[in-house]
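Okay, here's what each chain looks like letter by letter:
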Amino acid sequence: MSDNFEMVIDRSRLRKKVTFWRIAAVILGVLFLLTMISPAGPVPGPYVARITISGIIMENNARDENIRSIAEDDYAKALIVHINSPGGGSTASEQLYYAIRKVAEKKPVVITMGSLAASGGYITALAGDHIFARETTITGSIGVIMQYSHFGDLMDKIGIGTEQVKSGKLKGSPDGVHPMKEEARAVFQSMIDDSYAWFTGLVADRRKLDMEKVKNLSDGRVYTGRQALSNGLIDSLGGQEEARGWLTAEHSISHELPVINVDKSRKELLLEEFFNSIMGKMPFNEALSLDGLISVWHPDNY
């Protein structure tokens, strides 16, 4: 009886080991196949690529590299970029802009705006060859902002103080404790002005507008899609269907080609599908962190 019981246990252990190694072999096999996959597109034939830029724009090297890879994909005949974003980091928006321009050097890029495409979202839109917005889209907010809070008065009231030892009087400014000194304010204002000059220069160049007109439009205000059209900040009103029509009319790209979402690389999509099939979808949250100058639209706090 004891021998039989031990045999059952041994068989159970053996089955578990075999199952483990089978799963491990499958995973290794999939990983090997993924290393052999070329960066070509998700379908073995002509298609129109589509990416979506949504939420706060942050630096994302994988996203930008994925966008640039579309330029090298012979099957991708055009790129549609859908934007629904208030903007984000100025540097992140700049990197995204140049990634999309890499695609535009080789194939047509058309922009569609959703509910919101403001500030850094508008920088992204400027990368396209043609910009569509809905009549009620919120766009514009051309400008740069830097803001911080200071808690010195509150800390004084509760008896907390801070001391600093630093190499220069502007090091560590703003410090979040004291109001910004005028000398430091002048330094940061010069940075804001320089970034603002880059932003407005980009608008003038990409939209073929006189700089004086751009300056008049660039006081930070937002516009509806209808207003943006009348001011020359966009090209047309519409969405994806109208964007497809423009690609057909201007670049002879068949309306019959499938539109494929390529927000992630082919390898990422296959890996995600594979692990989701084994483990199921796991919810997760991304930490939101914006450093440096930002180009993001939000109502002022009064």
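This text goes with the structure placed above it.
Quantities reported herein were computed from a predicted structural model and do not represent experimental measurements.

Viewed as axis vectors pointing N to C, helix 2 (residues 61-72) and helix 3 (residues 90-104) meet at an angle of 15°, and their least axial separation amounts to 7 Å. As far as their axial angle goes, helix 3 and helix 2 are roughly parallel. Seen along the crossing, helix 2 lies across helix 3 with a hand that is right-handed. On helix 3, the residues that touch Arg 63, Asp 64, Ile 67, Arg 68, Ile 70 and Ala 71 of helix 2 are Ala 92, Gln 95, Leu 96, Ala 99, Ile 100, Lys 102 and Val 103. For the contact of helix 2 with helix 3, a count of residues per class yields eight nonpolar, one polar and four charged.

Let's shift gears to the nonpolar core. Val 81, Tyr 122 and Leu 233 are the most contacted members of the largest nonpolar core, which totals 44 residues. In terms of residue count, the dominant contributor to this core is helix 3 (seven residues). In this structure, Ala 78, Phe 132, Trp 246 and Ile 253 belong to the second largest nonpolar core, which totals ten residues.

The full count for this structure, using the stated rule, is seven salt bridges. Taking the shortest distance from any N to any O, the salt bridge between Arg 68 and Glu 65 comes out at 3.1 Å. Residue Arg 68 and its partner Glu 65 are both found in helix 2; the two are separated by three residues, about one turn of the helix. The partly exposed category is assigned to Arg 68, whose relative accessible area is 31%.

This brings us to helix 2. Over its twelve residues, helix 2 extends 17 Å from the first C-alpha to the last, a length consistent with the 16 Å expected when each residue adds 1.5 Å. Within the sequence span of helix 2, burial applies to Arg 63, Asp 64, Asn 66, Ile 67, Ile 70 and Ala 71. The arc that holds the buried residues of helix 2, viewed along the axis, is 165°, so those residues lie on one side. Residues Asn 61 and Glu 72 are exposed on helix 2 and point more than 90 degrees away from its buried face. Measuring from the side-chain oxygen of the N-cap residue of helix 2 to the backbone nitrogen of Ala 62 gives 3.3 Å; that N-cap residue is Asn 60.

The rules we used
Residues numbered from 1 in each chain as written. Predicted model: local features only at pLDDT ≥ 70, side-chain atom pairs only at ≥ 80, totals over all residues. Heavy atoms only, no water. Axes fitted to C-alpha atoms, helices over the stretch in contact; angles between N-to-C directions. Helix = DSSP H or I, 4+ residues; strand = E, 2+ residues; numbered from the N terminus. Parallel < 35°, antiparallel > 145°, perpendicular 65-115°, else oblique. Left-handed = near helix turned anticlockwise from the far one by under 90°. Contact = heavy atoms within 4.5 Å. Nonpolar A, V, L, I, M, F, W, Y, C, P; charged D, E, K, R; others polar. Core = buried A, V, L, I, M, F, W, Y, C linked by side-chain atoms within 4.5 Å. Buried < 20%, exposed > 50% of the residue type's maximum accessible area, 1.4 Å probe, protein only. Salt bridge = Lys/Arg side-chain N within 4 Å of Asp/Glu carboxyl O. Expected span 1.5 Å × (residues − 1). Arc of directions from axis to C-beta. Polar contact = N/O pair within 3.5 Å; in protein donor to acceptor, adjacent residues only side chain to side chain.

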